[in-house]
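Summary of structural features
Single-letter residue listing:
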Amino acid sequence: MVDVVHSLDPLSDVAVSAASSSDWDEIRAWSDQVYMPYRVRSTGRLLQPRSSMYSAPIGDITLTRFRYGVPVTVDDISADAGNILVLTTIRGSARHRVGAAEVEVGSGGTFVVDCSRIEHYIEFDESDLQLNLTVPHRLVADAADRWFGYRPDDSLWQHKCVIGAGQQSAWNALLAYAVRSIAADPDRIAHGRPGIHLQEMLLGHLLAEWAAAAGIALDGGGSDAAPEYVGRAEQYMREHAAELPTVGDVAAAVGVSVRALSGAFRRYRETTPNRFLTEVRLQRIHDELTAATHECTVSSVAARWGYVNMGVFAAAYRGRFGENPSRALARARRR
C-alpha cells in the first residue's frame, strides 16, 4: 500500500515557500486570509505554536498545507466569508463535531463543512498536519448548476461529513495530482488554463462525493422550491414587522439557525431576512400614507413601524418609492 503521507504530501519533497512561526498573531493573520476568521485556542500543556504555513491558489480555490504544532480547538468560524472547508489530514488526527458526536479523521481522511451554512468545532492534536482546500460556496453552487442543472439546498450545505475515505481513494489521488501540479508549475495552476481545468475537476469530484455522503442524487435533479421554513419566516416578519424582530428572533420562531435562515433567503429569495423585513415595513407605511386621513402624519406612521430617525426613514422611502413620504401623504389628502 502506498504511504498516505507521501501520496498526499508531495510538497514535503520539494522546495516550497512555507513559513514557520511561533507567533499567534502572525499565524492568525495568515489563517484569516487563506481560510476565514475563526477562534483558535491551545489545549494541554504545549501553549506556544510551532506552525508551518503554505498556501497556493488553484484558480479561485486556495490550497493550504498547515499545522499548528500544538493541540488546539477551532470554533466560531466566520459565516460571512462564504467558504467551504475541505480538510484532509496528512498526519496526526482531527476530531470534528457532528451534532452531539465527534468524528475522528486520521491520515488520508477528508472532512467537508460549509462554514457559510453551519457552525463547526474541531480539535487538532499536536502532530496534526493538514492539506486543506478553501472553496467559495458560490463556486460549488455554480458548478452544481452547470454540471447537473441543480442548485442544492441545505440538505447538502448543512451536511458535514467525511468524503473519499481510504488511502487509495480517487479523491486522494486527485489531491495528490493537484499538489504535484502546483509544485511543478504554480503560476499556471494559479492563473492559467491548467488551473481552471484542475479547479473544475476538484469541484466536480467534491460535489459527487459530498452528495453521495448526504444521500442526494445530483443526476436526478432536485427541487428548487424554498424550504418550508422560509415561507413561515416571511409570514412571521409580516405579522411582527412593527416589533422589529431580529434575524435571531425570526430563526428561533421557525426552528432553524440564523445561518440556515440567512443562507436560505440568499439562495431562494436573493435577499436577506433584514432586507425582507425592511421591505415589509416600508410597504406598510406606503399603504397607510396613500390611504391616509387628515389626522395622520408622516412621523406618526413611521414611528408605528419602528422608524425613529426621520432622515433615515425619508431616504429609505424615497429609494423605494421614488418620492418623499410627505408628497404621498399630501396626494392622499387631496382625494
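Please refer to the structure higher up on the page.
Below: a short report on this structure. Nothing here was measured: the structure is a model prediction, and the numbers come from that model.

1. What about the environment of Pro 71?
Take Pro 71: it is sitting in the loop between strand E4 (61–67) and strand E5 (72–75). Between the C-alpha atoms of Pro 71 and Ser 42, which are 29 residues apart in sequence, the distance is 5.8 Å.

2. Re the packing of helix H3 (residues 137–148) against helix H7 (residues 193–214)
Between H3 and H7, whose axes approach to 10 Å, the crossing angle comes to 85°. Comparing their axes, H7 and H3 come out roughly perpendicular. Of the residues in H7, those in contact with Leu 139, Val 140, Ala 143, Ala 144, Arg 146, Trp 147 and Phe 148 of H3 are Gln 199, Glu 200, Leu 203, Gly 204, Leu 206, Leu 207 and Trp 210. Partitioned by chemical class, the residues of the contact of H3 with H7 number ten nonpolar, two polar and two charged.

3. Points about the sheet that holds strand E7 (residues 94–98)
Reading across the sheet, the five strands line up as E2-E5-E10-E7-E8 and stay open at both edges, with antiparallel pairing between neighbours. In this open sheet, the two edge strands, each paired with only one partner strand, are strand E2 (39–42) and strand E8 (101–105). Ignoring which end each strand starts from, the neighbouring axes of this sheet average 20° apart. Note: E2 against E5, four bridges, orientation antiparallel. Across the sheet, the residue bridging to Ser 42 is Val 72, located in E5.

4. Here's the deal with the pattern of salt bridges
Applying the stated criterion across every chain yields a total of 14 salt bridges. For Glu 228, the salt bridge identified is with Arg 232, shortest N-O distance 2.6 Å. Placement of both Glu 228 and Arg 232 in helix H8 (residues 228–239) is noted, with a separation of four residues, approximately one turn of the helix. On the accessibility criterion, Glu 228 (54% relative accessible area) is exposed. A relative accessible area of 35% means that Arg 232 is categorised as partly exposed. Salt bridges here are not isolated pairs; linked through shared partners, they connect Arg 95, Arg 97, Glu 102 and Glu 104.

Each value, and the rule that gives it
Residues numbered from 1 in each chain as written. Predicted model: local features only at pLDDT ≥ 70, side-chain atom pairs only at ≥ 80, totals over all residues. Heavy atoms only, no water. Helix = DSSP H or I, 4+ residues; strand = E, 2+ residues; numbered from the N terminus. Axes fitted to C-alpha atoms, helices over the stretch in contact; angles between N-to-C directions. Parallel < 35°, antiparallel > 145°, perpendicular 65-115°, else oblique. Contact = heavy atoms within 4.5 Å. Nonpolar A, V, L, I, M, F, W, Y, C, P; charged D, E, K, R; others polar. Pairing = 2+ DSSP bridges. Salt bridge = Lys/Arg side-chain N within 4 Å of Asp/Glu carboxyl O. Buried < 20%, exposed > 50% of the residue type's maximum accessible area, 1.4 Å probe, protein only.

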